[in-house]
Amino acid sequence: MAEMGTTEMSEQRPVGAILNMLGLLGISLILTVAFAYQLALGELPCPLCLLQRAGFIAIGMGFLFNLRLGERPSHYAMILVSSLVTGFVSMRQVSLHLAPGDPGYGSALFGLHFYTWALIAAIGIVCYVALVFVLTDLSGKREGDAPLNGATSNTVFAIFALLVAANLLSTVLECGAGQCDDNPVRYLLLK
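Please read all numbers here as calculations on a predicted model, not as lab measurements.

1. What about unusual backbone geometry?
Negative phi is the rule for most residues except glycine; trans is the rule for most peptide bonds. The phi angle at Phe110 is positive, at roughly 55°, despite the residue not being glycine. Counting through the fold element by element, Phe110 comes out in the loop between β1 (108–109) and β2 (112–113). Looking at Phe110, the relative accessible area reads 74%, which means it is exposed.

See the structure below:
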């Protein structure tokens, strides 16, 4: 009897689906903060910053695939590989600004530059996925269960899709069809 109640509860609100939705919201928050600094402070992202944003978008796609298509190991692999690549790109940018007296690139948020936050977030996402694995295993969730549908997941999807489109548009405006400037100061296509 207790087993049946647990099964019904996990079918109504699967733990993994809720955690994937929270993961996608977290990625959307990261993209929102970066985009807000870009628009409000006029801080255009450098090429490494754009790679980090692309990495977070790829991570978000993994969470989104789990929500829309059901949880699969390949989706989690996408999240983990994207987190590792994003972490390495962030580490590269952190290492570029380690010299004494180097002010870093862009503004700081709570005393750390965005590329440092990106490194912390990438490591945090790997840990988060490990937590998702443990919690879904404890809840009895199995691979390939039905995806989570409804107004909440549709809203989370819409927010993420809007952020991806806005970042794509701003990148095209900043870089055009060519390589982005190392230290961009203006949108190339808005001269």
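Next comes the rest of the account.
2. Some details on the packing of aromatic side chains
Overall, the coordinates contain three aromatic pairs when judged by the stated rule. Pairing Tyr37 with Phe114 gives two aromatic rings, centres 4.6 Å apart and planes at 80°, and the pair type is edge-to-face. Note that Tyr37 is positioned in helix α2 (residues 15–41) and Phe114 in helix α5 (residues 114–139), a separation of 77 residues in sequence. The class of Phe114 is partly exposed, set by a relative accessible area of 24%. Summarising the aromatic geometry, the rings of Tyr76 and Phe133 are spaced 4.8 Å apart at their centres and angled 70° between planes, so their arrangement reads as edge-to-face. Pair noted here: Tyr76 is in helix α4 (residues 73–96) and Phe133 is in helix α5, with a separation of 57 residues, a long-range link. Here Arg68 stacks its cationic end above the ring of Phe157, 4.8 Å away from the centre of that ring.

3. Observations concerning the UniProt feature "transmembrane region" (unreviewed entry) in the chain
As annotated by UniProt and renumbered to match this structure, "transmembrane region" (unreviewed entry) occupies residues 17–38, 50–69, 76–94, 114–135 and 156–173. In residues 76–94, the share of helix is 100% and the share of strand is 0%. The end C-alpha atoms are 26 Å apart. End-to-end, the C-alpha atoms of residues 114–135 are 30 Å apart, and along that stretch the chain is 100% helix and 0% strand.

4. Describing the state of the cysteines
Taken as a whole and assessed by the stated rule, the structure comprises one disulfide. Each disulfide pairs two cysteine sulfurs, and for Cys175 the partner residue is Cys180, the sulfurs being separated by 1.6 Å. Around the S-S axis, the bridge from Cys175 to Cys180 shows a dihedral of about 95° and counts as right-handed. No difference in accessibility class separates Cys175 from Cys180, as the two residues are buried.

5. Observations regarding α2
The end-to-end C-alpha distance of α2 is 38 Å, a good match for the 39 Å that 27 residues give at a rise of 1.5 Å each. Looking one or two residues beyond α2, the residue adopting positive phi is Gly42, at roughly 70°.

6. So, helix α6 (residues 151–175)
In a regular helix each residue adds 1.5 Å, so 25 residues correspond to 36 Å; α6 covers 36 Å between its end C-alpha atoms and thus fits that length. Regarding α6, the residues found buried are Ser153, Val156, Phe160, Leu163, Asn167, Ser170, Glu174 and Cys175. Among the residues trailing α6, Gly176 stands out with phi positive, at a value near 65°.

7. A word on the packing of α4 against α5
Here α4 crosses α5 at 155°, and the two axes come no closer than 8 Å. Here α4 is positioned roughly antiparallel relative to α5, judged by the angle of their axes. By crossing handedness, the relation of α4 to α5 is classed as left-handed. Here Tyr76, Ile79, Leu80, Ser83, Thr86, Gly87, Ser90, Met91, Gln93 and Val94 of α4 come into contact with α5, specifically with Tyr115, Thr116, Ala118, Leu119, Ala122, Ile125, Val126, Val129, Val132 and Phe133. Its residues assigned to classes, the contact of α4 with α5 shows 14 nonpolar, six polar and no charged.

8. Describing the packing of helix α3 (residues 47–69) against α5
Helix-helix packing is characterised by the crossing angle of the two axes and by the distance between the axes. Axis separation between α3 and α5 bottoms out at 11 Å; the angle between their running directions is 20°. In terms of axis orientation, α3 runs roughly parallel to α5. Considering only the axes of α3 and α5, their crossing is left-handed. Contact with α3, carried on its side by Gln52, Phe56, Ile59 and Phe63, involves Phe114, Tyr115, Ala118, Ala121, Ile125 and Tyr128 of α5 and no other residues of that element. Looking at side-chain class alone, the contact of α3 with α5 contains nine nonpolar, one polar and no charged residues.

Calculation rules
Residue numbers restart at each chain and count upward from 1, following the sequence in its written direction. It should be noted that, the model being predicted, local features are given only for residues of pLDDT at least 70 and side-chain atom pairs only at 80 or more, the latter also being counted only at that level, while totals for whole chains, interfaces and linings use all residues. The side-chain numbers reported here are obtained from all heavy atoms of the structure, hydrogens and water having been left aside. Only DSSP runs of H or I reaching four residues or more are called helices, and only runs of E reaching two or more are called strands; each is numbered from the N terminus. Working definition: with a 1.4 Å probe on protein chains only, accessible area under 20% of the residue-type maximum means buried, over 50% means exposed, and in between means partly exposed. Think of it this way: a Phe, Tyr or Trp ring, Trp meaning its six-membered ring, pairs with another when their centres are within 6.5 Å, and the plane angle makes it stacked under 30 degrees, edge-to-face over 60, tilted otherwise. Any Lys NZ or Arg CZ found within 6 Å of a ring centre and within 35 degrees of that ring's normal is scored as a charge over the ring. UniProt positions are given in the numbering used here, feature names are shortened, and annotations may be inferred rather than shown by experiment. By convention in this document, the label disulfide applies to cysteine sulfur atom pairs within 2.5 Å. Expected span, for any helix, means 1.5 Å times one less than how many residues it has. Every angle, taken between N-to-C directions, lies between 0 and 180 degrees, and every axis is a line fitted to C-alpha atoms, over only the stretch in contact when it is a helix. We call two directions roughly parallel when the angle between them is under 35 degrees, roughly antiparallel when it is over 145, roughly perpendicular when it lies between 65 and 115, and oblique otherwise. Note: crossing handedness is left-handed where the near helix turns anticlockwise from the far helix by less than a right angle, and right-handed where it turns clockwise. Contact between two residues is taken to exist if any of their heavy atoms lie within 4.5 Å; hydrogens are not considered. Classification convention: Asp, Glu, Lys, Arg as charged; Ala, Val, Leu, Ile, Met, Phe, Trp, Tyr, Cys, Pro as nonpolar; all other residues, Gly among them, as polar.

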